[in-house]
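Close look at the chain arrangement
Spelled out from the first residue to the last, the chains are:
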Amino acid sequence: SAFGADQVAAQAATNGHDSEHNGSHDDTTEHEADEEPSSSLEVQAFFAYFYFCINLGALASIFLVPILKARYGFGFAFLAPTIFLFFALAAFLSKRKEYVHHVPGQRGSLGSMFWLCGLLLYQRIQQWWSSSQSEYQSIQHSPSSPRRVEQSNEWTTQQLQDANRTLQILPVLSMLPIFWMLYDQQGSVWTLQASRMKLTFGIEPEQMNVINPVEILLFIPLFDKCIYPSIERLVGHPFPHLSRMAWGMLFCALAFFVSGVLESIIQDQEANDNDSVNSISILWQLPQITLLAIAEILLSVTGYDFCYSNSSTSCKALIMALFLMTTAGGDFFAGILYNGLFRDMNRVTVMHVCGGLMLLNLLLFLRVAKWWNRCQAQLQARTVTPSCEGEVMGVMKTEIELT
């Protein structure tokens, strides 16, 4: 996804440069322009329709693969996607000479950047554990203490700037695993809930999972062309990334509260009705599925754009990878909870606890968003101050001026 966005951003930059070629020129150097995080409309649209294509592929596989398996067996069901993948690879490679590529250059390789980020993070954790300024200074001047990374000649100023920008994004990413912990339950917990409901129009419980990609395909153009522009016209300014993501978390919490109410109704009917077939239609799951689809668009699609537009050129792939890793973190937390705390808990309580966790996560996210906005305002003054770097990761100032 970062590679594709690079192509779109490069084309947008070329078009913008061509349009201003005969007009007034900005005295910003190429180096400075590369350092400013930006999110063009073209890049935002790319991530929206990149996500659209993901769900289109998911929808096609859900419909076609079972049909191929039923008619031609498992072998052909696996062979057909493989053939399509080879065609896609051939199409991708056919344009390889036209792609924009980023070489390490003075910024260093991805591995070296990852190592530098680890060193800076370790250094800030050490600072955070220091109980006072005097203790920190005594540690810094002890013979066994390593020099501060910023004081080392091993790293260039550019690399330090890139690494610090990367670390600034980490607090935002740390708020996402809870969302994915809840989101992925629609394929497990919600499917089990659907299995205890009345099947309508021949819909099987597992087939309810088709509704999410269908709604994503419908909602992405709607949000991109209608809802976001309408909100921006109403409020008079762009709809910020973090505000969209906060709304996504709220919709996710609402989805689980609705799911909890539905589960309570199902359990009441099971307790009062001796009939083994529940009379509550499976279609009553549509509200919670729709709320979660809206949450996915607000948080996940926006998250791609946020990570890309706020990371430096050398760290875009790293940040996008960390963004995707938040899904794995959410699934890991879900496994721990469902094998521990949630094992003997009533399902209604589980749903409401999940919604409550999401609201608590939202409150923390709003605090992080406030910190992030303050940092961005100070970055416009070209200096990172102690409060931005110290409030989340430590208490010591960053000694780098963004020049």
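Structural notes, computed from the coordinates. (Residues numbered from 1 in each chain as written. Predicted model: local features only at pLDDT ≥ 70, side-chain atom pairs only at ≥ 80, totals over all residues. Heavy atoms only, no water.)

1. Thoughts on the overall build of the protein
Quick reminder of the rule: Under the scheme used here, helices are H or I runs from DSSP no shorter than 4 residues and strands are E runs no shorter than 2 residues, and both carry numbers assigned from the N terminus. Burial classes: relative accessible area under 20% of the type maximum marks a residue as buried, over 50% as exposed, and values in between as partly exposed (1.4 Å probe, protein chains only). Note on contacts: a residue pair qualifies if any of its non-hydrogen atoms lie within 4.5 Å across the two residues. Surface accessibility in these figures is a Shrake-Rupley result with a 1.4 Å probe; residues are shielded only by whichever protein chains are displayed.
Counting its regular elements, the protein contains 15 helices and zero strands. Here the protein, with 403 residues, has 41% of them falling under the buried criterion. A separation of at least 24 residues holds for 82% of the contacts in the protein among residues at least 6 apart in sequence. Accessible area of the protein: about 22,000 Å², with a carbon and sulfur share of 64%.

2. Some remarks on empty space enclosed by the protein
Going by this rule: Put simply, the grid is 1 Å and covers the protein atoms alone, a cavity is a trapped set of points that fit a 1.4 Å probe, a pocket is an open set with protein on both sides within 12 Å along at least five of seven lines, and lining residues have an atom within 4 Å of a point. Grid points are joined across faces, edges and corners, and a volume is the space filled by probe spheres set on the points. As a working rule, the residues Ala, Val, Leu, Ile, Met, Phe, Trp, Tyr, Cys and Pro are called nonpolar, Asp, Glu, Lys and Arg charged, and the rest polar, with Gly in that last group.
Per the stated rule, a full pass over the model turns up four cavities of 30 Å³ or more. By volume, the second largest cavity amounts to about 70 Å³. Looking at which element gives the most residues to the lining of the second largest cavity, the answer is helix α9 (residues 189-194), with three residues. Within the lining of the second largest cavity, the residues separate by chemical class into five nonpolar, four polar and no charged.

3. Quick notes on the pattern of salt bridges
Spelled out, the test is: The salt bridge criterion pairs a side-chain nitrogen of Lys or Arg with a carboxyl oxygen of Asp or Glu, the two atoms within 4 Å.
As enumerated under the stated definition, the model contains two salt bridges in all. Ionic pairing is found between glutamate 232 and arginine 244, a salt bridge with its closest N-O pair at 3.7 Å. With glutamate 232 in helix α10 (residues 211-235) and arginine 244 in helix α11 (residues 241-272), this pair connects stretches of sequence that are twelve residues apart. Judged by its relative accessible area of 8%, arginine 244 is buried.

4. Concerning helix α3 (residues 41-72)
We count it as follows: Each residue after the first adds 1.5 Å to the expected span of a helix. We define the bend at any residue as the angle between the axes fitted to the seven residues before and including it, ending there, and the seven starting there.
Its 32 residues place the ends of α3 45 Å apart at the C-alpha level, agreeing with the 46 Å of an ideal helix rising 1.5 Å per residue. For α3, the principal kink sits at serine 61 and spans about 30°. Looking only at α3, the buried set comprises Val43, Phe46, Phe47, Ala48, Tyr51, Asn55 and Leu59. Glycine 73 lies just past α3 and shows a positive phi near 95°.

Keep in mind these numbers describe shape, not what the thing actually does.
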